[in-house]
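Structural overview for review
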Amino acid sequence: MNWMARTLGSSVGRKMLVALTGLGLLGFVITHMLGNLQLFLGPEALNSYAKSLKDLGGLLWVARGGLIVMFVVHVGLALKLAAENRAARPDRYEVPGRVQSTLGARSMVLTGLMILLVVLYHLAHFTWGITNPEHTTYVEAVMTPTGPVNRHDVYTMVVLGFQQPLIAGLYIAAMALLCVHLSHGVQSVFQSLGLNHPKYEPTLHKLGLGLAWIIFIGNTSMPVAVLAGLVDLPAGA
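Residues numbered from 1 in each chain as written. Predicted model: local features only at pLDDT ≥ 70, side-chain atom pairs only at ≥ 80, totals over all residues. Heavy atoms only, no water.

**Thoughts on the confidence of the model for the chain**
Any region with low pLDDT has predicted coordinates that should not be read closely. Scored by pLDDT, the chain comes out at a mean of 81, with 83% of its residues at no less than 70. Mean pLDDT across the elements of the chain ranges from a minimum in helix 1 (residues 2–8), with 59, to a maximum in helix 7 (residues 154–162), with 91. Confidence over residues 93–100 falls short of pLDDT 50; this stretch has one contact with residues more than four positions distant or in other chains. (pLDDT = per-residue confidence, 0-100. Helix = DSSP H or I, 4+ residues; strand = E, 2+ residues; numbered from the N terminus. Contact = heavy atoms within 4.5 Å.)

**Section: the environment of Gly208**
Topologically, Gly208 is positioned in helix 9 (residues 201–227). The exposure class assigned to Gly208 is buried, which follows from its relative accessible area of 0%. Sequence separation between Gly208 and Ser183 is 25 residues; the distance between their C-alpha atoms is 4.7 Å. With residues up to four places along the chain from it excluded, the contact list for Gly208 reads Leu182, Ser183 and Val186. (Buried < 20%, exposed > 50% of the residue type's maximum accessible area, 1.4 Å probe, protein only.)

**Considering the pattern of salt bridges**
Counting across every chain of the model gives one salt bridge. Between Lys51 and Asp55 there is a salt bridge, and its shortest N-O distance comes to 3.0 Å. A residue is classified by how much of its surface remains accessible, and Lys51, at 30% relative accessible area, is partly exposed. (Salt bridge = Lys/Arg side-chain N within 4 Å of Asp/Glu carboxyl O.)

**Overview of the packing of aromatic side chains**
Per the stated rule, a full pass over the model turns up three aromatic pairs. Taken together, a centroid distance of 5.3 Å and an interplanar angle of 80° make the contact between Phe162 and Tyr171 edge-to-face. For the pair shown, Phe162 and Tyr171 are each scored as buried. Seen in terms of ring centroids, Trp213 and Phe216 are 5.6 Å apart; in terms of plane orientation they differ by 90°. Their pairing is edge-to-face. A residue pair is termed a helical-turn pair when its members lie 3 or 4 positions apart in one helix, as Trp213 and Phe216 do in helix 9 at three residues. Residue classification places Trp213 among the partly exposed positions, given a relative accessible area of 47%. Overall, the relative accessible area of 17% leaves Phe216 in the buried class. (Phe/Tyr/Trp six-rings, centres within 6.5 Å; stacked < 30°, edge-to-face > 60°.)

**As for the nonpolar core**
One finds Leu39, Leu46, Val158, Phe162 and Val231 to be the most contacted residues of the largest nonpolar core, which totals 17 residues. Among the elements of the structure, helix 3 (43–54), helix 7, helix 8 (165–192) and helix 9 are those that each provide at least two residues to this core. For this core, the element with the highest residue contribution is helix 7, accounting for six residues. Here Val231 is in contact with Leu39, Phe40, Tyr155, Val159, Ala225 and Val226, once residues within four sequence places are set aside. Among the nonpolar cores identified, the runner-up in size contains 13 residues, and Val29, Leu178, Val186 and Ala212 belong to it. (Core = buried A, V, L, I, M, F, W, Y, C linked by side-chain atoms within 4.5 Å.)

Here you go:
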């Protein structure tokens, strides 16, 4: 507790916590994307993956709780640091120093808040069943050694969701925001942890851009494929 108090009491410590929670959230984003990409393998693969997560039971809720804590800490401390930076520079520079500043660096707070809103919508859509409750009612019967068992038909839910251009467009726009956020965020993690060096800065910049584009292409490939008719519901569904 004393360590946590000291960490939160200094701007350097707060930056380190933002960096560490950012790394944790990045790991979740990549894992989540790899799991969802099983959409291209068909209903059996995606629905089995979803059921395997649900079968974790209490462990799944522990993981969800950890993600919520990381997200709250990451966003809360990032907003606090941004407010402190503004308070330390109440007057704008006569000549804005944006020559070497990237779009990602200038918009970290804005893109972070927009991503938060989209995450809440994503939960309301696919997890809580608030925005499209009809999508959460689809189940399929699968045969097990003990007999037929109903499981949630995530494949149908995702396809029906992305067949709506407005919903698909929202997710594509959200991934663009995430791409902009990560393009600077990955590099700033190393700086906040004291691991940055002018010698490695170009490499870290390319790493951030590369990861951002991989995540953008991977996540947007799903709504784009559904809209294009490359992924559809099974015949007779």
